[in-house]
Amino acid sequence: MSERIIFHIDVNSAYLSWEAIHRLQHGDPLDLRTIPSIVGGDPTTRHGIVLAKSIPTKKYNIKTGETLYSAKTKCPELVIASPNYQLYQRCSSAMKEILESYSPLIQQYSIDEYFLDYTNMEKLLGAPTDVALQIKNRIKNELGFTVNIGISTNKLLAKMACELEKPDKVHTLFPHEIPSKMWPLPIEDLFFVGRATSKKLRSRNITTIGSLATSDPHWLNLYLKSPGLLIWNYANGRDESLVRNTRSIVKGMGNSTTIPFDVENRETAHLILLSLVETVSTRLRQARICTQLVSVSFRTNEFFSYSHQRKIHSPIDCTNQIHEIICQLFDEVWNGQAVRHLGVRVSELCQNDFVQLDLFTKNFDRQRLLDQTIDQLRLRFGSHAVIRSSFLNSGLKALTGGVIQDEDYPMMSSIL
DNA sequence: TCTGGGGTCCTAGGACCC
DNA sequence: TCTGGGGTCCTAGGACCC
């Protein structure tokens, strides 16, 4: 078997670049990519964090995830754009179309990242670096935004290659290049080394990927458990995971929201939880799935987080049924603190076809029929064609949480 | 006007059973 | 009286990714 050739394609400052080209295409003479600018949420609704930043923003030490307040303090002339997820979805799909002409095996890893398996394509299309340059330039010329492309023999190295120098670059990181190109980098640059792990490693004087690579794996396993071995393998460039173009089986679905105001009473909390359950349970039914584990979570205005979950021994998918359990769970843990964030999650999913058998205990047939009817009306006439009367004059949204419209949109999996 | 939302995986501890 | 041990299931929380 010949060695694999894997590309990783990553959009440079994705949300910001996409907003920039959108504005250029609509006659705005200013290119956001050339000035200090960010994409960020609205602080008045308590969504004010930096989601993406232009390259000129970096010299102000503004970080993704920090508050707009802090970002503006660092750079008063900062230009702030609102997020536009439909635009991002369109840009992502357009890019995928181009990639599909270079390999039958493509994996979408997130809205702005793809893996492409180029193994055995060389004879047909040409040398990997030439083709990567061609892909990069086609995306730039045809779609208007720049990407980085990383090339190597596995996904991890291709992804690490992509991070080397930005923007608009093609890099290789083949195994023989690991010591020179990857080992000098700080450990924080390694995939799967987050804040907690980097702190632990640095406390033991492991500061570069190279020093991690030469550490004792048995010690790492004791110190960091299984992620210790994983990152040790990564630091040595080892990764066997495959480029998958099939959708992975969904493990859970959740929706959560930060509320523009503090919730101080149970009734309001229950109503917001209903709006979240509406979205989650609709997604469940559209996927013909039932849940056996229901979880509620909330964050207080002092930023303490709580969660509470319950195993359901007969699978369910009814809005009202899930909502009832969610409210019980919420009431069991909530002790009256002001709440700024609420979340609903369902997991331990199973197919909904055999479930009927178990429903004889309680007759939820009418409920399920009603849910189905409402789902269909919303599908045909828009999601707000039918809303619950409890939301009328409440000032609250009847449906909360993003429902991805595109059925084929694959969710990111946390591991390669 | 300070701190998003959507995921996956792992672990520790307690309950319960034999 | 001086305190097993192995197994499974459940729950809360924390790590990581984009």
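Per chain, residues are indexed from 1 in the order of the written sequence. All chains are assigned letters beginning with A, and all ligands numbers beginning with 1, in the order in which they are written. Given that this is a predicted model, residues contribute local features only at a pLDDT of at least 70 and side-chain atom pairs are listed and counted only at 80 or more, while totals for whole chains, interfaces and linings are drawn from all residues. Processing note: side-chain calculations cover all non-hydrogen atoms of the structure and skip hydrogens and water entirely.

Enquirer: Explain the overall build of chain A to me, and be specific about the residues and the numbers.
Expert: A run of H or I in DSSP becomes a helix once it reaches four residues, and a run of E becomes a strand once it reaches two; helices and strands are each numbered from the N terminus. Check the secondary structure of chain A and you find 14 helices and 12 strands. Its C-alpha atoms give chain A principal-axis dimensions of roughly 65 × 50 × 50 Å. Counting the 416 residues in chain A, one finds 48% classified as buried. The contact criterion used throughout is that any non-hydrogen atoms of two residues lie within 4.5 Å. Expressed as a percentage of contacts within chain A between residues at least 6 apart in sequence, the contacts between residues at least 24 apart total 63%. Any residue under 20% of the maximum accessible area for its type is buried, any over 50% is exposed, and the rest in between are partly exposed; the area is computed with a 1.4 Å probe on protein chains only.

Enquirer: Run through the pattern of salt bridges, naming residues and quoting values.
Expert: Note on definitions: salt bridges are taken to be side-chain nitrogens of Lys or Arg within 4 Å of carboxyl oxygens of Asp or Glu. Applying the stated rule across the entire model yields 19 salt bridges. The shortest N-O distance in the salt bridge between K159 and E113 comes to 2.8 Å. Within this pair, whereas K159 is found in helix α6 (residues 155-162), its partner E113 is found in strand β6 (residues 113-117), the two being separated by 46 residues in sequence. Of the charged contacts in the structure, one is a salt bridge between R285 and D371, with a shortest N-O distance of 3.4 Å. Of the two residues, R285 sits in helix α12 (residues 266-286) while D371 sits in helix α14 (residues 365-381), which places them 86 residues apart along the sequence. Judged by relative accessible area, which is 11%, R285 ranks as buried. Because the salt bridges share partners, they merge into one network encompassing K136, K140 and D168.

Enquirer: Residue-level account of the side chain of S295, with values.
Expert: Considering the arrangement of structural elements, one finds S295 in strand β10 (residues 289-300). Not counting chain neighbours up to four residues away, the residues in contact with S295 comprise H308, Q309, I326, G343, V344 and R345.

Enquirer: Report on the sheet that holds strand β4 (residues 79-81), specifying residues and quantitative values.
Expert: Two strands form a pair only when DSSP identifies at least two bridges running between them. Taken in spatial order, the 3 strands line up as β3-β2-β4 in an open sheet, and their pairing is mixed. Lying at the two open borders of the sheet, with one neighbouring strand each, are β3 (50-53) and β4. Neighbour-to-neighbour, the strand axes of this sheet turn through a mean angle of 30°, independent of strand direction. In terms of strand pairing, strand β2 (residues 37-40) meets β3 through 3 bridges, oriented antiparallel. What sits directly across from I38, in β3, is K53. Axis definition: a line fitted to C-alpha atoms, limited for helices to the stretch in contact. Angles are taken between N-to-C directions and run from 0 to 180 degrees. Strands in contact with helix α1 (residues 14-25) are β2, β3 and β4; relative to β2, the strand with the most contacts, it is inclined by about 105°.

Enquirer: Lay out the domain arrangement of chain A with the relevant residues and their values.
Expert: Residue ranges labeled as domains rest on an automatic or database domain assignment. The domains assigned to chain A are domain 1 (1-175), domain 2 (183-235) and domain 3 (252-391). The C-alpha-based centres of domain 2 and domain 3 are spaced at 39 Å.

Enquirer: Explain the protein's contact with DNA strand B residue by residue, including any values.
Expert: We call a residue near a molecule or strand whenever a single non-hydrogen atom of that residue lies within 4 Å of it. Close to DNA strand B lie 29 residues; G254, S256, T258, R283 and R340 are nearest. When the atoms of DNA strand B within 4 Å of the protein are sorted by group, sugar and phosphate make up 62%. Here a phosphate oxygen of DNA strand B and a backbone polar atom of G254 are 2.8 Å apart. Whenever a nitrogen or oxygen atom comes within 3.5 Å of another N or O atom, the pair is scored as a polar contact, on the condition that within protein one atom can donate a hydrogen and the other can accept it, and that pairs from neighbouring residues in sequence are kept only if both atoms are in side chains. Measuring from a phosphate oxygen of DNA strand B, one finds a side-chain N or O atom of R345 at 2.9 Å. Among the secondary structure elements, those contributing two or more residues to the surface near DNA strand B are β9 (252-263) and β12 (339-351). Tallying contributions element by element places β9 first for the surface near DNA strand B, with 7 residues. Each residue is assigned to one of three groups, with Ala, Val, Leu, Ile, Met, Phe, Trp, Tyr, Cys and Pro labelled nonpolar, Asp, Glu, Lys and Arg labelled charged, and all others, Gly among them, labelled polar. Residues belonging to the surface near DNA strand B are distributed by class as follows: 7 nonpolar, 15 polar and 7 charged.

Enquirer: Go over α14, please, and point to the residues and values.
Expert: Given a helix with a known number of residues, its expected span is that number minus one, times 1.5 Å. Counted at 1.5 Å a residue, the expected span for α14 with its 17 residues is 24 Å, and the 24 Å between its end C-alpha atoms agrees. Turning to α14, its buried residues are R368, D371, I374, D375 and R378. Burial along α14 is one-sided: seen end-on, the buried residues are contained in an arc of 125°. Opposite its buried face, α14 presents the exposed residues R366, L369, Q376, R380 and F381, each directed more than 90 degrees away. Looking at the buried side of α14, the elements it contacts are α12, β10 and α13 (319-333). Of the residues one or two after α14, G382 is the one with positive phi, at around 105°. Throughout, the arc means the angular range of directions from the helix axis out to the C-beta atoms.

Enquirer: A description of the packing of aromatic side chains should follow, citing residues and the corresponding values.
Expert: Think of it this way: a Phe, Tyr or Trp ring, Trp meaning its six-membered ring, pairs with another when their centres are within 6.5 Å, and the plane angle makes it stacked under 30 degrees, edge-to-face over 60, tilted otherwise. On inspection of all chains with the given rule, the structure shows 13 aromatic pairs. Relative to Y88, the ring of W18 has its centre 5.8 Å away and its plane inclined at 35°; by these criteria the two rings are tilted. Linking W18 in helix α1 with Y88 in helix α3 (residues 85-99), this pair joins segments that are 70 residues apart in sequence. Considered together, W18 and Y88 belong to a single accessibility category, that of buried residues.

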